[in-house]
Amino acid sequence: MKKLISKLILFAVILAVVVESVNIVYVKRDKSDPNYIRKFQNIPNEIQICNFGSSHGLYSYDYEELEEKDACFNFGLSAQSLSYDYRLFQEYKDHIREHAVVFITLSYFSFFGEPEENSEDFASKNARYYPILPAKLIKQYDFATDLFTHYVPALGAETDVLIKTLLGKTVDDGGDDWQRVAFDIDVSADAEGAYVRHIEYNQDEQTGQLLLNQESVDALYALIEGCQKQGATPILVTTPYLAEYTNAVKKNAPGFYDQFYSIVNQVVNDTGVEYYDYAFDERFSDNYAWFMNSDHLNQEGARNFVHFLIEEAVH
């Protein structure tokens, strides 16, 4: 019995050493950032211009031309809900200075759908918040996920990513997407797919009616109020889309815009914030060179968008 226990202890020690060795190499060599969260390691202390939002926030704001004189930051993450926009604000609000301008990005799916905890990919999407938010602000907090994320990230990596990283090979983290142009894809097909993901997916299967996500609406009100208490100016923004995307929405869900704008108008009336809608802006709606797909700007488009936005919404 003692020999068995000794062997088990020895095996556990060897396993721990191997895992820790792999983890050390992985952390040292891992340069990928598929979730775009490394930016949170370098948040400016006196942010003057920033934005929140989903991928439409992540990709639509390029502050390079402003950063010489203004501290800017992009809090947007792919598929990020308004609820997590507000949670990020709660954690990092002290970085946002008084009189700052905060752009709150409203995507077409922002107010609709079941609670995000019900989605199949919730766990994997939720895991990205463990390195950047405290436990109290993470939905369905799980200690094991927290442990792996902070202390043994190699065990949480996908197998192919882990192997490539250990071998010193480059891992594609999606960073090249921002350089693509819509000319290279079938924009109409992409727009139909985006419609399905953003609107049809958020409809009741029986009635076809959009499912209002009250948590998201409440989070938007809370985010606006938080910005105002901080002395910052919140501005609601819907980023530019190609005409194929907005046409797909009109064709497949003709009542959508009435519902979407009804909520936006109610929020505007209740809070007094401004709303800038670029979804149908003719400077963008057929300018394929500024988009990487039907509803996301590429980097050139993001630079131009920020130029127009600052000129029109701030000055």
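What you see is a predicted model; the values in this text were computed from it and never measured.

A.B. asks: So what about the overall build of the chain? Which residues, and what values?
C.D. replies: When helices and strands are tallied, the chain shows twelve helices and five strands. Counting every position in the chain, which comprises 315 residues, the buried fraction comes to 47%. At a minimum sequence separation of 6, the contacts of the chain that also span at least 24 residues come to 78%.

A.B. asks: If you had to explain the packing of aromatic side chains to someone new, which residues and values would you point to?
C.D. replies: Following the criterion strictly, the structure yields 34 aromatic pairs and no others. Taken together, a centroid distance of 5.6 Å and an interplanar angle of 15° make the contact between Y108 and Y245 stacked. Of this pair, Y108 sits in the loop between strand 3 (96–105) and helix 4 (122–126) while Y245 sits in helix 10 (residues 243–252), and the two are 137 residues apart along the sequence. Here Y108 and Y245 have matching classes, each one buried. Taken together, the ring pairs in this structure connect Y108, F111, F112, Y241, Y245, F256, Y257, F260, Y261 and F280 into an aromatic cluster.

A.B. asks: Got a sec to walk through the environment of V217? Specific residues and values, please.
C.D. replies: As for its placement among the helices and strands, V217 is situated in helix 9 (residues 214–229). Here the alpha-carbon distance between V217 and V267, two residues 50 residues apart in the chain, equals 8.7 Å. Those residues in contact with V217 that sit more than four places away from it in its chain are F111, L212 and I263.

A.B. asks: Describe the sheet that holds strand 4 (residues 233–238), and please don't skip the residues or the numbers.
C.D. replies: An order of 2-1-3-4-5 is seen for the five strands of this open sheet, with the pairing classed as parallel. On the outer flanks of this sheet lie strand 2 (72–74) and strand 5 (274–277), each paired with one strand and no other. In this sheet, adjacent strand axes meet at a mean angle of 20° when their direction is disregarded. The pairing of strand 4 with strand 5 spans four bridges and is parallel. Across the sheet, I235 pairs through a bridge with E274, a residue of strand 5. Where helix 9 meets the sheet, it contacts strand 3 and strand 4, and its direction lies at approximately 140° from that of strand 4.

A.B. asks: How would you sum up helix 3 (residues 82–92)? Please name residues and give values.
C.D. replies: The α-helix winds at 3.6 residues per turn, so residues separated by three or four positions along the chain end up facing the same way. With eight of eleven residues buried, helix 3 is to be regarded as a mostly interior element. Among the residues of helix 3, those classed as buried are L82, S83, Y84, D85, R87, L88, F89 and Y92.

A.B. asks: So what about a nonpolar patch on the surface? Which residues, and what values?
C.D. replies: On the surface, Y141, F143 and L147 cluster together into a nonpolar patch covering about 290 Å² of accessible area. Mapped onto the elements of the fold, L147 is located in helix 5 (residues 143–151). Judged by its relative accessible area of 34%, L147 falls in the partly exposed class.

A.B. asks: Hey, could you go over the packing of helix 8 (residues 187–198) against helix 10 for me, with residue numbers and the actual values?
C.D. replies: One can describe the packing of helix 8 onto helix 10 by two numbers: an axis separation of 8 Å at closest approach and a directional angle of 55°. On the basis of the axis angle, helix 8 is oblique to helix 10. Considering the relative orientation of helix 8 and helix 10, their crossing is right-handed. Facing helix 8, whose interface residues are V187, S188, A191, E192, A194, Y195 and H198, helix 10 presents E244, Y245, A248, V249, K251 and N252. Its residues assigned to classes, the contact of helix 8 with helix 10 shows seven nonpolar, three polar and three charged.

Criteria and thresholds
- Along each chain, residues carry numbers from 1 onward, in the same order as the chain's sequence is written.
- Since the coordinates come from a predicted model, pLDDT governs what is reported: local features require at least 70, and pairs of side-chain atoms require 80 or more to be given and counted, while whole-chain, interface and lining totals use all residues.
- Excluded from the side-chain calculation are hydrogens and water; included are all heavy atoms of the structure.
- Per the convention used, a helix needs a DSSP run of H or I reaching at least four residues, while a strand needs a run of E reaching at least two, with both numbered from the N terminus.
- To sort residues, take the accessible area from a 1.4 Å probe on protein chains only and compare it with the maximum for the residue type: under 20% means buried, over 50% means exposed, and anything in between is partly exposed.
- Contacts are residue-level and defined by heavy atoms, with any inter-residue pair within 4.5 Å sufficient.
- Classification of ring pairs uses Phe, Tyr and Trp, with its six-membered ring standing for Trp, and accepts pairs whose centres are within 6.5 Å; under 30 degrees between planes counts as stacked, over 60 as edge-to-face, and the remaining range as tilted.
- Pairing between strands is defined by DSSP: at least two bridges between them are needed.
- As a rule, the C-alpha atoms of each element are fitted with a line to give its axis, helices using only the stretch in contact, and angles between N-to-C directions run from 0 to 180 degrees.
- For patch building, the residue pool is restricted to those with more than 30% relative accessible area and no salt bridge; the joining distance is 9 Å between like charges and 5 Å between nonpolar side chains (Val, Leu, Ile, Met, Phe, Trp, Tyr).
- Only the protein chains shown count as cover for residues, and all accessible areas are computed by the Shrake-Rupley method using a 1.4 Å probe.
- Definition used for salt bridges: Asp or Glu carboxyl oxygen within 4 Å of a side-chain nitrogen of Lys or Arg.
- Roughly parallel means an angle under 35 degrees; roughly antiparallel, over 145; roughly perpendicular, 65 to 115; everything else is oblique.
- With the far helix as reference, a near helix turned anticlockwise by less than a right angle produces a left-handed crossing, and one turned clockwise produces a right-handed crossing.
- Each residue is assigned to one class: nonpolar for Ala, Val, Leu, Ile, Met, Phe, Trp, Tyr, Cys and Pro, charged for Asp, Glu, Lys and Arg, and polar for all the others, Gly among them.

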